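The residues making up each chain are set out below.
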Amino acid sequence: MFTVRILEVCMVAVVVQTVYYALTTPTVLCLAALAVLWGVYRRERRRAAGTIPLTGKHVLITGCDTGIGHELAKKLHQLGCHVIATVLLPDGEGAEELRDFGPARMTVLPLDVTSDDSVSKCLNTVKDMCSKTGLWGLVNNAGINAIGELELVTMRQYLHVANINIFGMVRTTRAFLPLIRQAKGRIVNVTSVHGKVSWPNNVAYSITKFAAETFSDITRLEMAQFGVKVVVIEPGGFGFSTNVLEPSKLRSMAKEQWECASDEVKELYGKATLDRRLAAFEKTWASPAGPHRFPVTPVIDALTEALTSDDPELRYLVDGCLKQRFDVYCVLDGSITTLHSRPAFPSADTVQVSQQDFEVKV
């Protein structure tokens, strides 16, 4: 073991020395110039890309009851798009609000992405609506979260999250793909920064988002020959801007986890672990960083660009800063090319949350 430690120290020393001698002044200047040129190139490329008008085009969005899907449906309607907003609760408040926009260009349809029968019924209706033009866009937005350590999250919760977040995406994409090919349209999949960064207490959610990233990449490769573009939207910390982290949902989830845990797991983690986590979420929810205090507008802008740009990015990592001036998860992702940067000076709505308050941010 002593020999192994010595070898590890030697390897680290060699790496440090190599980097030190490699980063001469000319090298640093060249790397800095390359970084600046790359940033300017990406900005100018986006500016040069043409914009495709959505007037008369059909876009289907899943998960429009609340949150990102709900807001996107309203934004696309304003752009002249014929929006097919699918909801889990057709008699719910979110569905009624969308219907108030008028039936001419806002169609609200029931859709349970976990049900083959529900997807099939929705497809039959959509075929009647756009059989001649095809479907320009499919936005796979529906998703849920499950908080907890891998031993505490129940198998029912694992399967439920996966059935919505990944197999729901697969199910709807397979169903509507012929209509999208017909229009040479877009598939836009909402994943998460947690599909690129692993974090404790988030295993059930993250594994589905990692899967969604892979599904999107393979779909993009296979559909390129048909003129179909596949774009991934990776929101950062927007959990408290939607109902995903609503305290009553988390309490119900934690109750199920504790009731289903074995005596060994209960003794290992302790009930206090779940109670502390719930208390932290509830405190943040009730604080200025609570629901809808940080708008989902940056995500909506990214989704809109993905549907309207003639040359969209493959991925949009969207900063969901709820602490200070940066999103810790997006920083850990290693990307500095987020779609929307924070303003130079905080506005009145800028959220300030301490690290202690936000220790379980999702």
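The paragraphs below set out a description of the structure included in this document. Keep in mind it's a predicted model, so treat the numbers as computed, not measured.

Each value, and the rule that gives it
- Along each chain, the written sequence defines residue order, and numbers are assigned to residues from 1.
- For this predicted model, a pLDDT threshold of at least 70 governs which residues receive local features, and a threshold of 80 or more governs which side-chain atom pairs are given and counted, while totals over whole chains, interfaces and linings are taken from all residues.
- Working from all heavy atoms in the structure, the side-chain values ignore hydrogens and water.
- Here the rule is simple: two strands pair whenever DSSP picks up at least two bridges between them.
- Comment: elements are numbered from the N terminus, with helices defined as DSSP H or I runs of at least four residues and strands as E runs of at least two.
- A fitted line through C-alpha atoms represents every axis, and for helices the fit uses only the stretch in contact; the resulting angles, taken between N-to-C directions, go from 0 to 180 degrees.
- Contacts between residues were defined by any pair of non-hydrogen atoms, one from each residue, lying within 4.5 Å.
- Residues grouped as a nonpolar core are buried Ala, Val, Leu, Ile, Met, Phe, Trp, Tyr and Cys residues, joined through side-chain atoms within 4.5 Å.
- Throughout this description, buried means an accessible area under 20% of the type-specific maximum (1.4 Å probe, protein chains only), exposed means over 50%, and partly exposed covers the range between.
- For each structure, a 1 Å grid was placed over the protein atoms alone; sets of points admitting a 1.4 Å probe that cannot get out are labelled cavities, open sets with protein on both sides within 12 Å along at least five of seven lines are labelled pockets, and lining residues have an atom within 4 Å of a point.
- Grid points are joined across faces, edges and corners, and a volume is the space filled by probe spheres set on the points.
- Ten residues, namely Ala, Val, Leu, Ile, Met, Phe, Trp, Tyr, Cys and Pro, are considered nonpolar, four, namely Asp, Glu, Lys and Arg, are considered charged, and the remaining ones, Gly among them, are considered polar.
- Between rings of Phe, Tyr and Trp, where Trp is taken as its six-membered ring, a pair exists when centres lie within 6.5 Å; planes separated by under 30 degrees are stacked, by over 60 edge-to-face, and by other angles tilted.
- Criterion for a charge above a ring: Lys NZ or Arg CZ within 6 Å of the ring centre, and within 35 degrees of the ring normal.

1. What to know about the sheet that holds strand β1 (residues 58-61)
Adjacent strands of a sheet form backbone hydrogen bonds with each other and so pair up, either parallel or antiparallel.
Here's step 1: Spatially, seven strands are ordered β3-β2-β1-β4-β5-β6-β7 in an open sheet, and the strand pairing comes out parallel. Every other strand in the sheet has two partners, leaving β3 (106-110) and β7 (315-318) as the edge strands with one partner each. In this sheet, adjacent strand axes meet at a mean angle of 15° when their direction is disregarded.
Here's step 2: Taken together, the four bridges between β1 and strand β2 (residues 82-87) define a ladder with parallel strand orientation. What sits directly across from Leu 60, in β2, is Ile 84.
Here's step 3: Here helix α5 (residues 116-130) sits on the sheet in contact with β1, β2 and β3, set at roughly 155° to β3.

2. Re the nonpolar core
Here's step 1: If you look at the biggest cluster of nonpolar residues, it comprises 33 residues, and the most contacted ones within it are Ile 61, Leu 76, Val 139, Ile 233 and Leu 303.
Here's step 2: Formed by 23 residues, the second largest nonpolar core is a distinct cluster that contains Val 113, Val 119, Leu 177 and Ile 187.

3. Some thoughts on the layout of surface pockets
Here's step 1: Considered as a void within the structure, the largest pocket measures approximately 1,200 Å³ in volume.
Here's step 2: Around the largest pocket, the lining comprises 46 residues; the ones closest to its centre are Gly 143, Ile 144, Asn 145, Val 244 and Lys 249.
Here's step 3: Counting residues per element, the lining of the largest pocket draws most heavily on helix α6 (residues 155-165), at five residues.
Here's step 4: Across the lining of the largest pocket, the residue classes tally to 18 nonpolar, 21 polar and seven charged.

4. Let's talk about the packing of aromatic side chains
Here's step 1: All chains considered together, the criterion is met by zero aromatic pairs.
Here's step 2: Looking at Lys 57, its charged tip hangs above the ring of Trp 136, at a distance of 4.5 Å from the centre.
Here's step 3: Sitting over the ring of Phe 226, Arg 181 keeps its end group 5.4 Å from the ring centre.

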